[in-house]
Amino acid sequence: MKKISLILSIAILLTALLNSCKVEDNSVKQLNENGMVLTSYWQAATYQALMSTPNTALHLNAWLSAPEEERPAIEDKYFTYSKLRPISDQEWEIVFNGRTLCRIQTGGTLLSAPNAEWTVVDYDQSGLVRDMLPFGKDSVRITLRHIGNKWSVETGVQEGMASSADYIPYYHLTIEPESGVIPADLNDCRCLVEGSGRYAFRTYRYVDNAQNPAEIHNYINFDLSGAATDNLYHWADGLLVMRVYADVNAYEAGATNREQYDDLIIRDRLSLRSGSQYAEITMHDVTETWPVGRLEEFDHWQCGNFFAALFELF
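Along each chain, the written sequence defines residue order, and numbers are assigned to residues from 1. For this predicted model, a pLDDT threshold of at least 70 governs which residues receive local features, and a threshold of 80 or more governs which side-chain atom pairs are given and counted, while totals over whole chains, interfaces and linings are taken from all residues. Only heavy atoms go into the side-chain values, all of them from the structure, while hydrogens and water stay out.

Chemist: When you look at the pattern of salt bridges in this model, what are you seeing that I'm missing?
Modeler: Working definition: two side chains of opposite charge can pair if their charged atoms are close together. We count a salt bridge whenever a side-chain nitrogen from Lys or Arg sits within 4 Å of a carboxyl oxygen from Asp or Glu. Within the structure shown, the criterion is met by seven salt bridges. The shortest N-O distance in the salt bridge between Arg71 and Glu68 comes to 3.4 Å. Since its relative accessible area comes to 58%, Glu68 is described here as exposed. We note a salt bridge from Glu154 to Arg145, for which the minimum N-O separation is 2.5 Å. Of the residues examined, Glu154 reaches a relative accessible area of 21% and is grouped as partly exposed. Among the charged side chains, a network of salt bridges with common partners joins Glu117, Arg145 and Glu154. A simple rule labels every residue: compare its accessible area, found with a 1.4 Å probe on the protein chains alone, to the largest value its type can have, and call it buried under 20%, exposed over 50%, or partly exposed in between.

What follows is the structure, encoded as structure tokens:
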């Protein structure tokens with residue numbers, strides 16, 4: 001009888017140990033799944049940042065570079081619903097339904113010319129990812145420069161955006177087409193993209209039964225190196241390092257794990273397999289490979305505070 005009791009006790013102990021190991025594995029898996037979601041946020045934000053105003057500048061350069069007889073076709077293709085209007089021989093504006101979307105100063109040179117520098121003032125950032133903070137208060141100034149066979153794209157210093165430099169959204173990226181020729185559209189070329197930046201997302205959380213929620217800003221600081229792509233949703237390779245943190249309102253609103261909230265570092269080794277995006281994600285000293293979906297694939301309901309709910313799991 002004692003032997004039977006001993007065997008049963010050992011069996012119960014082993015079962016408990018196995019179950020605890022299983023729960024721990026699931027916990028680790030869940031943490032890296034959050035890294036996949038954050039990668040999707042970064043991917044969507046980068047797509048919007050480059051495919052909006054900078055890509056419009058490339059469209060204009062293609063139009064200015066073309067012979068007169070080819071310009072109508074280029075305008076129909078890239079400015080289908082908007083209108084391209086000259087302000088002077090060095091400045092143009094893009095208008096939609098009577099509203100100016102952006103103004104582009106060319107300095108009288110093509111963007112494809114050596115050392116060319118264009119300035120774009122973007123008055124419309126409504127196309128950004130859901131709950132993403134804009135790069136400027138009322139507008140954002142973006143500078144494009146031709147440096148060798150690369151084109152740099154960067155936001156300027158924005159006034160009135162935040163009290164601390166750690167909280168000001170920005171990006172500074174370089175685009176190097178594989179062909180060495182400036183593209184008319186980023187969708188039509190394979191290129192190498194590198195650089196750094198900070199994306200910010202607005203979320204809300206109720207505190208102590210308050211009627212009005214506390215506004216929280218969550219940030220992704222990133223460095224991207226050696227990332228080749230022919231589609232800004234499909235990165236063939238490259239190293240993406242992200243630091244994720246929140247502003248002080250998160251702590252006042254009861255955020256958990258403040259130390260990890262302050263210093264969550266995610267390292268992604270990007271890869272493309274059979275047309276699908278993958279990332280070898282390292283966070284909390286654990287490395288796993290995850291398929292990275294588009295943001296709308298798992299946030300198709302556009303749930304409010306999705307990003308805030310995600311941070312509660314860290």
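There is more to say, and it comes next.
Chemist: It is not clear to me how the packing of aromatic side chains should be interpreted in this structure. Could you clarify?
Modeler: Aromatic ring pairs: the centre-centre distance and the angle between the two ring planes describe each pair. Aromatic contacts are taken between Phe, Tyr and Trp rings whose centres are within 6.5 Å, Trp giving its six-membered ring; a plane angle under 30 degrees counts as stacked, one over 60 as edge-to-face, and the others as tilted. On inspection of all chains with the given rule, the structure shows 11 aromatic pairs. Look at Trp42 and Phe222: their rings are 5.9 Å apart centre to centre, the planes differ by 75 degrees, and that puts the pair in the edge-to-face class. Remark: Phe222 occurs in strand β9 (residues 214-231) and Trp42 occurs in helix α1 (residues 2-51); sequence separation between them is 180 residues. As far as the burial class goes, Trp42 and Phe222 line up, both buried. Aromatic side chains Tyr219 and Tyr245 sit 5.2 Å apart centroid to centroid with 20 degrees between the ring planes, which places their arrangement in the stacked category. With Tyr219 in strand β9 and Tyr245 in strand β11 (residues 239-246), this pair connects stretches of sequence that are 26 residues apart. Residue Tyr219 is classed as buried on the basis of its relative accessible area of 2%. Through a chain of ring-to-ring contacts, three or more aromatic side chains come together here, namely Trp42, Phe135, Tyr171, Tyr199, Phe222 and Trp235. In this structure, Arg243 packs its charged tip against the face of Tyr245, placed 4.3 Å from the ring centre. A cation sits over an aromatic face here: Arg294 above Tyr233, 3.9 Å from the ring centre. Numbering goes from the N terminus for both helices and strands, where a helix is a DSSP run of H or I of at least four residues and a strand is a run of E of at least two. Consider the ring centre and the ring normal. A charge sits over the ring if Lys NZ or Arg CZ is within 6 Å of that centre and within 35 degrees of that normal.

Chemist: Honestly, the pairing of strand β14 (residues 286-291) in this entry has me stumped. Any pointers?
Modeler: Put simply, side chains in a regular strand alternate between the two faces of the sheet. Pairing between strands is defined by DSSP: at least two bridges between the two strands are required. Pairing of strand β13 (residues 276-283) with β14 involves six bridges; the strand directions are antiparallel. Across the sheet, the residue bridging to Glu280 is Thr289, located in β14. Counting the residues in the hairpin turn of β13 and β14 gives two residues, including His284, whose phi is positive at 55 degrees.

Chemist: Where do I start with the environment of Gly98 in this structure?
Modeler: Structurally, Gly98 is set in the loop between β2 (91-96) and β3 (99-105). Overall, the relative accessible area of 74% leaves Gly98 in the exposed class. Taking the C-alpha atoms as reference points, Gly98 and Ser82, 16 residues apart in sequence, are found 9.2 Å from one another.

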